[in-house]
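Spelled out, the chains give:
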Amino acid sequence: PLLPPHHPPCSSLWPAALQHSALLHFAQLRSRKATSSLPSSIPPPPAVTTHRSQPRGGGDPRAGHTPPWPQSPADRTVARSDAGPRSPEVGSVPGSLTAASSPIQAMGIKTALPAAELGLYSLVLSGALAYAGRGLLEASQDGAHRKAFRESVRPGWEYIGRKMDVADFEWVMWFTSFRNVIIFTLSGHVLFAKLCTMVAPQLRSWMYAVYGALAVVGIMGPWYLLLLLGHCVGLYVVSLFGQPWLCLGVGLASLASFKLDPLISWQSGFVTGTFDLQEVLFHGGSGFTVLRCTSFALESCAHPDRRYSLADLLKYNFYLPFFFFGPIMTFDRFHAQVSQVEPVRPEGELWRIRAQAGLSVVAILAVDVFFHFFYILTIPSDLKFVNRLPDSALAGLAYSNLVYDWVKAAVLFGVVNTVARLDHLDPPQPPKCITALYVFAETYVYDHIGGEHSAVIPELGATIATFAITTLWLGPCDVVYLWSCLNCFGLNFELWVQKLAEMEPLAQIETSLSEQMSRRVRAVFGAMNFWAIVMYNLVSLNSPEFTELVVQRLLLSGFPQTTLAILFVTYCGVQLVKERERTLALEEEQKQDKEKLE
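This structure is a prediction, so every number in the text was calculated from the model and none was measured. (Residues numbered from 1 in each chain as written. Predicted model: local features only at pLDDT ≥ 70, side-chain atom pairs only at ≥ 80, totals over all residues. Heavy atoms only, no water.)

A word on the overall build of the protein chain. In terms of regular secondary structure, the protein chain is built from 23 helices and two strands. Relative to its full complement of 598 residues, the protein chain shows a buried share of 56%. Taking the intrachain contacts of the protein chain between residues at least 6 apart in sequence as the baseline, contacts between residues at least 24 apart amount to 75%. A total of about 26200 Å² of accessible surface is found on the protein chain, and carbon and sulfur atoms cover 65% of it. (Helix = DSSP H or I, 4+ residues; strand = E, 2+ residues; numbered from the N terminus. Buried < 20%, exposed > 50% of the residue type's maximum accessible area, 1.4 Å probe, protein only. Contact = heavy atoms within 4.5 Å. Areas by Shrake-Rupley, 256 points an atom, 1.4 Å probe, with all protein chains shown as cover.)

Written as structure tokens, this is what we have:
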């Protein structure tokens, strides 16, 4: 997913935060018992990235995950599914909640800080964001009439003289020329799904598939549908051999055919007509089709007694809300939920669906207003202009680019998930906001190879496997190679520092500190880690040149004043995030205690 339009055409143009959600459940493209069917000497396939992983050494009970590769029934644990709150079972999956560890212990948060100190952090953070925002606003006003901005800053609210940043053509297409198509197709899906649920609920899975296939034909043409059917049939035939490794290998080869020439050029010719979002929809539909087919194939290998049919695969693949942009809902979950003859909504579900839809609308409107005042996507393309920005505005520009990318993915998840929940499905949740991420380990999951993520060599192997598949998904090119290497290094370096901190004399030094001081010291490292995450992902969101300029200004020429000031502001933010996590963990612990008493 994931590079903006000004990058080389080496990958599709989906939001970068969606590269985690796109691979969201590729780690789960299996059955929960598939591992037991493999010889003990053969390691299972590597799991890949997801936006819902657990920190090393313990998990966040709010952001739990199903183990990416299956466990035996005796070892299976459900810490917290993407569906929302559930009572956790006790088990031994790394990162899950166990009887021996409370949520607070698992998260490494042991004590609260004084209210006055947290108030100071809030004041500093609010002031810094306001100051950086003012600098960005002034920069946007000054650059609105520059020649370099003419292509991507165009008339917006003419009655107050405001122009609009339209550098993200995909977002613009979604809510201008392609808006009516989206509303029409999704509204039709909801209408027919409701009618079918009322009249013949046992046929609703067929209705989903037929309507989705007809929508694909209407948007992309019949030849594109036949191309995807060919991939579906191919992976279905492979699944009949009952070999998980063969299914995974063929699935990756099928995915590579959509990412590497000359096969990608040949297959793109199956799309009839030309329109603005053609490339995005082509890569989205084909890439997610391969992932869904791989999920189906691995599930079939794990449960040969269930004898899933080709029709089951087609129903799964052509469910329209998930078809072009995901997220991936694994076949076992989808099949079980869509096969319910009389689905029943939990109490308050409709209210939550309406709230989610309302939040999506508010987010869309907020982005529209924001782009009329802050040209955060256009400014990075003019490095001469960027170099004249004050340091605070430059830091705000880098940060806001990542936040926007998350908002874009969250809106996409929100719209798709609203429709899916109306269909009585339980889809995966949006990715975690970049603001709340200060450790690399919360962005990826590859538990089978990495285990508890406490051993250096297994962790290195796990991250290499992860980013090898991620690189294939994005489309191999120089920018993707650089992005993968940086993030792979960040994940491993984080573990190395953790290992070093557990050794003497550092471990003894931390033991001598109070719990509050230990939390403060850890937040300092969290602040540095946060900016590593920002820098490593700016490479793909903007360009290596822009990232190099940010590093030069904020970390090298700006040292020590600018560097320390930015780290202190980030430190304040990390402490506030930690306090929020501590509060939620306390609530979770109290809830579990109450359930035990009941």
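All right, on to the packing of helix α8 (residues 244-257) against helix α10 (residues 278-302) then. Between α8 and α10, whose axes approach to 9 Å, the crossing angle comes to 175°. Put simply, α8 runs roughly antiparallel to α10. Two secondary-structure elements touch here, α8 through P244, C247, L248, G251, S254 and L255 and α10 through G287, V290, T294, A297, L298 and C301. (Axes fitted to C-alpha atoms, helices over the stretch in contact; angles between N-to-C directions. Parallel < 35°, antiparallel > 145°, perpendicular 65-115°, else oblique.)

Orientation of helix α3 (residues 115-143) relative to helix α23 (residues 561-597), taken along the N-to-C sense of each, is 125°, at an axis distance of 9 Å. It follows that α3 is oblique to α23 by the angle criterion. Crossing geometry of α3 relative to α23 is assigned as left-handed. Residues E117, L118, Y121, S122, V124, L125 and A128 of α3 form the contact with α23, whose participating residues are F568, V569, Y571, C572, G573, Q575, L576 and E579. Partitioning the contact of α3 with α23 into residue classes produces 10 nonpolar, three polar and two charged. (Left-handed = near helix turned anticlockwise from the far one by under 90°. Nonpolar A, V, L, I, M, F, W, Y, C, P; charged D, E, K, R; others polar.)

The next subject is the packing of aromatic side chains. All chains considered together, the criterion is met by 34 aromatic pairs. Judged by centre distance (5.2 Å) and plane angle (75°), the ring pair of Y208 and Y319 falls under edge-to-face. One end of the pair, Y208, is in helix α6 (residues 204-220); the other, Y319, is in the loop between α11 (310-317) and α12 (320-323), with 111 residues separating them in the sequence. Y208 sits in the buried class, given a relative accessible area of 1%. Overall, the relative accessible area of 1% leaves Y319 in the buried class. (Phe/Tyr/Trp six-rings, centres within 6.5 Å; stacked < 30°, edge-to-face > 60°.)

Another aspect to go through is the UniProt feature "transmembrane region" (unreviewed entry) in the protein chain. What UniProt calls "transmembrane region" (unreviewed entry) maps, in this numbering, to residues 171-193, 205-227, 233-258, 356-378, 521-539 and 559-577. Counting secondary structure, residues 356-378 comes out at 70% helix and 0% strand; the distance between its end C-alpha atoms is 30 Å. (UniProt positions renumbered as here; feature names shortened; annotations may be inferred.)

Moving on to the nonpolar core. Counting 110 residues, the largest nonpolar core has Y224, F324, I379 and W531 as its most contacted members. If one sorts the elements of this core by residue count, helix α16 (residues 391-422) sits on top with 12 residues. Taken domain by domain, this core gets at least three of its residues from each of domain 1 (108-168 + 351-431 + 513-595) and domain 2 (177-339). The contact partners of I379, leaving out residues within four places of it in the chain, are A139, S140, F149, F385, V386, L389 and L397. (Core = buried A, V, L, I, M, F, W, Y, C linked by side-chain atoms within 4.5 Å. Domains from an automatic or database assignment.)

Applying the stated criterion across every chain, the model contains 14 salt bridges. Measuring nitrogen to oxygen at the nearest pair gives 2.8 Å for the salt bridge that ties R146 to D382. Placement of R146 in the loop between α3 and β1 (153-157) and of D382 in the loop between α14 (349-371) and α15 (383-387) is noted, with a sequence separation of 236 residues between them. (Salt bridge = Lys/Arg side-chain N within 4 Å of Asp/Glu carboxyl O.)

Looking at the protein chain, the pLDDT average stands at 80 and 80% of residues meet or exceed 70. Overall, residues 1-108 carries pLDDT values under 50, and its contacts beyond four positions in sequence, including any with other chains, amount to 305 contacts. (pLDDT = per-residue confidence, 0-100.)

With that settled, the discussion passes to helix α22 (residues 544-556). Every buried residue belonging to α22 is among F546, T547, L549, V550, R553 and L554, and all of these are buried. When α22 is viewed along its axis, its buried side chains cluster within an angular range of 160° and face the same direction. Seen from the open side of α22, the exposed residues pointing more than 90 degrees away from its buried face are E548 and L556. In the core, the buried residues of α22 are packed alongside α15, α16, α21 (515-541) and α23. (Arc of directions from axis to C-beta.)

Okay, α10 next. Here α10 spans 36 Å end to end across 25 residues, near enough to the 36 Å set by a 1.5 Å rise per residue. Of all 25 residues in α10, 24 are buried, a share of seventy percent or more. (Expected span 1.5 Å × (residues − 1).)

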